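Overview (structure and organization)
The lines below spell out each chain.
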Amino acid sequence: MEGQRVEVDGGIMEGGGQILRVSTALSCLLGLPLRVQKIRAGRSTPGLRPQHLSGLEMIRDLCDGQLEGAEIGSTEITFIPEKIKGGIHTADTKTAGSVCLLMQVSMPCVLFAASPSELRLKGGTNAEMAPQIDYTVMVFKPIVEKFGFTFNCDIKMRGYYPKGGGEVIVRMSPVKQLNPINLTDRGSVTKIYGRAFVAGVLPFKVAKDMAAAAVRCIRKEIRDLYVNIQPVQEPKDQAFGNGNGIIIIAETSTGCLFAGSSLGKRGVTADKVGIDAAEMLLANLRHGGAVDEYLQDQLIVFMALANGVSRIKTGPVTLHTQTAIHFAEQLAKAKFTVKKSEDEDDASKDTYIIECQGIGMTNPNL
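Values in this document were obtained by computation on a predicted structure and should not be read as measured data. (Residues numbered from 1 in each chain as written. Predicted model: local features only at pLDDT ≥ 70, side-chain atom pairs only at ≥ 80, totals over all residues. Heavy atoms only, no water.)

A separate point is helix α4 (residues 133-144). For α4, the tally of buried residues reaches nine of twelve residues, placing the bulk of the element in the interior. Restricting attention to buried positions, one finds in α4 the residues Ile133, Asp134, Tyr135, Thr136, Val139, Phe140, Lys141, Ile143 and Val144. (Buried < 20%, exposed > 50% of the residue type's maximum accessible area, 1.4 Å probe, protein only. Helix = DSSP H or I, 4+ residues; strand = E, 2+ residues; numbered from the N terminus.)

As structure tokens, then:
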């Protein structure tokens, strides 16, 4: 097997945790021994952080693989995967590390397991620098299920920065193959809705203020739609620690979903949090793509594995997406093309079509 080993440079492109997530997931799926060097080389705290470590250990356990160099601060790991198995798998970041990112790395793998899986993920559910769990459930889930599988996501406890303490349980059954997707027809926006939350000691007024500010901001640009943002006080027994934030979703006539979200932090007013989320949503609606900027890179691995040609229309292609494409091509040998959209409606906009000839990965266990 030695000669087969894939070498990945963890310092290029996005240069962070995402390279680890994409390369270890593909290594696990394809049975490719992997060495990743220069992990997070350019970051202020180079090497593995606790959340990366828990993701790697989870992938190792999913397939009874061998993992070397996996400790905090390590800049090089070696991973030798074995057969992917179903059952109960637990990952705990022990910090506010994102459960959504743990889900990103493990989900493609367990789709190709021998039996159904239950992923018990602990950490932050609504944390900075990662999708919020509400985004995962409300946007990522309905779109990624177009690849031909379903999953169930049970939010047991919400956790925030810096304490974490959240827990999510994901259940899914394996598939034989993934279907390709075509997300190129944007349609028109038919509804806008969302959720503004406070947890712990923060007053409910903060939730109402975030919601109101977001609605005012959206109204300036989109006048003819009712904007329904629900202020929510998270129940004491379902939230660990203190936090506040908001997610706003726009749904279109063709079933496309776009989101804007923001989290409160010290010294930032409720109004500002609401306005930030609203502006993010409006920016995602301006570019003419059929997926928002955060969904782009999360779909790449599934497109690479699918049986056939997938196409998605996007706004400007993010660095995360370029990184995911690079490693999906290097490891899975999928073929991607990124072209400016030829559609006359998109002429004035920064709109692209990402096309992928998937490898038609087949589950050897089914």
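Next comes the rest of the write-up.
What follows covers the pattern of salt bridges. Inspection of the entire model under this criterion finds 25 salt bridges. A salt bridge links arginine 43 to glutamate 14; its shortest N-O distance comes to 3.7 Å. Taken as a pair, arginine 43 in the loop between β2 (34-37) and α2 (50-62) and glutamate 14 in the loop between β1 (6-9) and α1 (17-30) lie far apart in primary sequence, 29 residues in all. What makes arginine 43 partly exposed here is its relative accessible area of 33%. (Salt bridge = Lys/Arg side-chain N within 4 Å of Asp/Glu carboxyl O.)

Time to look at the packing of aromatic side chains. Following the criterion strictly, the structure yields six aromatic pairs and no others. Between phenylalanine 149 and phenylalanine 302, the aromatic rings sit 5.9 Å apart at their centres with planes inclined by 25°, giving stacked as the arrangement. Highlighted residues: phenylalanine 149 in the loop between α4 and β7 (151-159) and phenylalanine 302 in helix α7 (residues 293-305), separated in sequence by 153 residues. Here phenylalanine 149 and phenylalanine 302 have matching classes, each one buried. Over the aromatic face of phenylalanine 151 sits the side chain of lysine 141, whose NZ or CZ is 5.3 Å from the ring centroid. The ring centre of phenylalanine 240 lies 5.7 Å from the NZ or CZ of lysine 163, which sits over that ring. (Phe/Tyr/Trp six-rings, centres within 6.5 Å; stacked < 30°, edge-to-face > 60°. Lys NZ or Arg CZ within 6 Å of the ring centre and 35° of its normal.)

Now for the sheet that holds strand β11 (residues 227-233). Strand pairing in a sheet is mediated by backbone hydrogen bonds. Such pairs are either parallel or antiparallel. One open sheet accounts for four strands, arranged β11-β10-β13-β14; its pairing is mixed. Looking at the sheet topology across the chains shown, the edges are occupied by β11 and β14 (257-263). Put simply, the sheet's adjacent strands are angled 15° from each other on average, direction ignored. In terms of strand pairing, strand β10 (residues 189-199) meets strand β13 (residues 243-252) through ten bridges, oriented antiparallel. In the strand pairing of β13, alanine 199 is matched with glycine 243. With respect to the sheet, helix α5 (residues 204-221) is in contact with β10, β11 and β13, its orientation differing from that of β11 by roughly 165°. Running over the sheet, helix α6 (residues 270-286) touches β10, β13 and β14 and is turned about 155° from β14. (Pairing = 2+ DSSP bridges. Axes fitted to C-alpha atoms, helices over the stretch in contact; angles between N-to-C directions. Contact = heavy atoms within 4.5 Å.)

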